[in-house]
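Descriptive structure summary
Residue-level listing of the chains:
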2 protein chains.
Amino acid sequence: MSKIVHVVEDIMSANDDVAAQNRAKLNGAGVLGINIMASPGSGKTSVILRTIAALKDELRLSVVEGDTAPVSIDADKVIAAGMTAVQINTGGNCHLDANMLRQALPELLLGQVDLLIVENVGNLICPAGFKLGTHFNVVIASVPEGDDKPYKYPNIYRGIDALILNKIDLLPYIDFDIDYFKRGVQLLNPNLIFFTLSCKTGEGLDAWVQWLKARVRAFQAHEDSRLHEWAHHHA
Amino acid sequence: MSKIVHVVEDIMSANDDVAAQNRAKLNGAGVLGINIMASPGSGKTSVILRTIAALKDELRLSVVEGDTAPVSIDADKVIAAGMTAVQINTGGNCHLDANMLRQALPELLLGQVDLLIVENVGNLICPAGFKLGTHFNVVIASVPEGDDKPYKYPNIYRGIDALILNKIDLLPYIDFDIDYFKRGVQLLNPNLIFFTLSCKTGEGLDAWVQWLKARVRAFQAHEDSRLHEWAHHHA
């Protein structure tokens, strides 16, 4: 068993090295990268499409779509919205890793991009362990998933910078205690920025979009020096 | 890399061996086992609680709860419903495996059980690869997850015997094309038994419960010889 553990440690260390290289490439091109993680069906692609619609006149966006299967449903939606999208088919694997993103970066014409959005594979467990080299980690939760998810899947909430609770339009039809959900999140990650929104109605989207735009501007103006260093607590 | 693949094959083969042992133990005790897999928040525990309520006067049930974290939210609910529950904390791991179930079986007093329900970790990808030794695999999908999930996460649908589409009470509020969903499932698994239900309203639950009860009765009457053999296509 210790041999297997050792192999896993080697893989994680190699992943961190490649993630650092990805971060350096993004920094060199002036591209802010965000890694969006969520359970299947929480609305990752819907949030991305809403974000594109809100920001496409102000920022140059590009999207990487992580999928476990070769279907390009999400990538097609992004392209239909007028953006560049690169699909990574993980071939059944349950998460993206830094090497997969490294292989996608040359397709992205980074010199013409301000904000790179990476949509990770739908999974609340495995993506938490693999840094990609992006600057911010974002988790999207959704009301129908239930208010107990931070208690049941704590690891994914620990290393993130922002949390979106999507599908708040369904709150009238579902038992969901926002205070209980928030308490669980704050236990794990007291400094998290928290957005509640609905991609269906548009409610709450502006706060998320303005926060994201401000992060890109601060990054490009070098106002947040941490973003230009490789910090191991960021992924 | 070939060395690592070899290790993985060894692990999978060892897992199949332990799964066959689990199946033999269940068969010896006359216990039908089902493995319930789903995305986080699809309603696995709610379906189990509804199933307990419907069957507890007719069948002796026991539940194994797979969790990635030490919280016992789901196990507590099952115990509050008057059933025996054993929790398996995977310690962050993304799926149950046969060895974890083997370690739980001695806690279950199998001689006093007709139906063992195993609630796998909430994950639409990883549990598909690991047989547990149970007789039937069931996936629970839910309306808010979206109708495209069979196309995006095909592997989990391939080896299963029954599919439940939960939360149909939310159909009026969500764009979900049941025909599109069904076509995706049938492409992958034409022989699947398909139930649509709502744990909230109770609609559709009876068909699922009656099917499950009939499976237990047929198993205990030795009417389905396949269930008493170890078949590699079952998990």
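Just so we're clear, the structure is a prediction, and the values are computed from it rather than from any experiment.

Let's shift gears to the packing of helix α2 (residues 44–55) of chain B against helix α8 (residues 205–220) of chain B. All names here are of chain B. Running from amino to carboxyl end, α2 crosses α8 at an angle of 70°, the nearest separation of the two axes being 10 Å. Compared by their axis directions, α2 and α8 come out roughly perpendicular. Judged by the sense of rotation from one axis to the other, the crossing of α2 with α8 is right-handed. Residues R50, T51, A54 and L55 of α2 touch α8, and the partners they reach there are L205, V209, L212 and K213. The class makeup of the residues in the contact of α2 with α8 is 5 nonpolar, 1 polar and 2 charged.

At the junction of the two partners, chain A supplies 31 residues and chain B supplies 31 residues. Taken together, the elements giving at least two residues each to the side of chain A that touches chain B come down to α1 (2–29), α5 (149–152) and α6 (154–158) of chain A. With 3 residues, the single largest contributor to the side of chain A that touches chain B is α5 of chain A. Looking at the side of chain A that touches chain B, its residues break down into 16 nonpolar, 9 polar and 6 charged.

All names here are of chain B. Taken in spatial order, the 7 strands line up as β3-β2-β4-β1-β5-β6-β7 in an open sheet, and their pairing is parallel. Edge positions in the sheet fall to β3 (84–89) and β7 (193–196), since each has one partner strand and no second. Averaged over all adjacent pairs, the angle separating strand axes in this sheet is 20°, with direction ignored. The pairing of strand β6 (residues 162–166) with β7 spans 4 bridges and is parallel. Within β7, the position partnered with L163 by the bridge is F194. This element, helix α3 (residues 73–80), spans β2 (61–67), β3 and β4 (115–119) of the sheet and lies at about 165° to β2.

Rules of the game
Residues numbered from 1 in each chain as written. Chains lettered and ligands numbered in written order. Predicted model: local features only at pLDDT ≥ 70, side-chain atom pairs only at ≥ 80, totals over all residues. Axes fitted to C-alpha atoms, helices over the stretch in contact; angles between N-to-C directions. Helix = DSSP H or I, 4+ residues; strand = E, 2+ residues; numbered from the N terminus. Parallel < 35°, antiparallel > 145°, perpendicular 65-115°, else oblique. Left-handed = near helix turned anticlockwise from the far one by under 90°. Contact = placed C-beta atoms within 7 Å. Nonpolar A, V, L, I, M, F, W, Y, C, P; charged D, E, K, R; others polar. Pairing = 2+ DSSP bridges.

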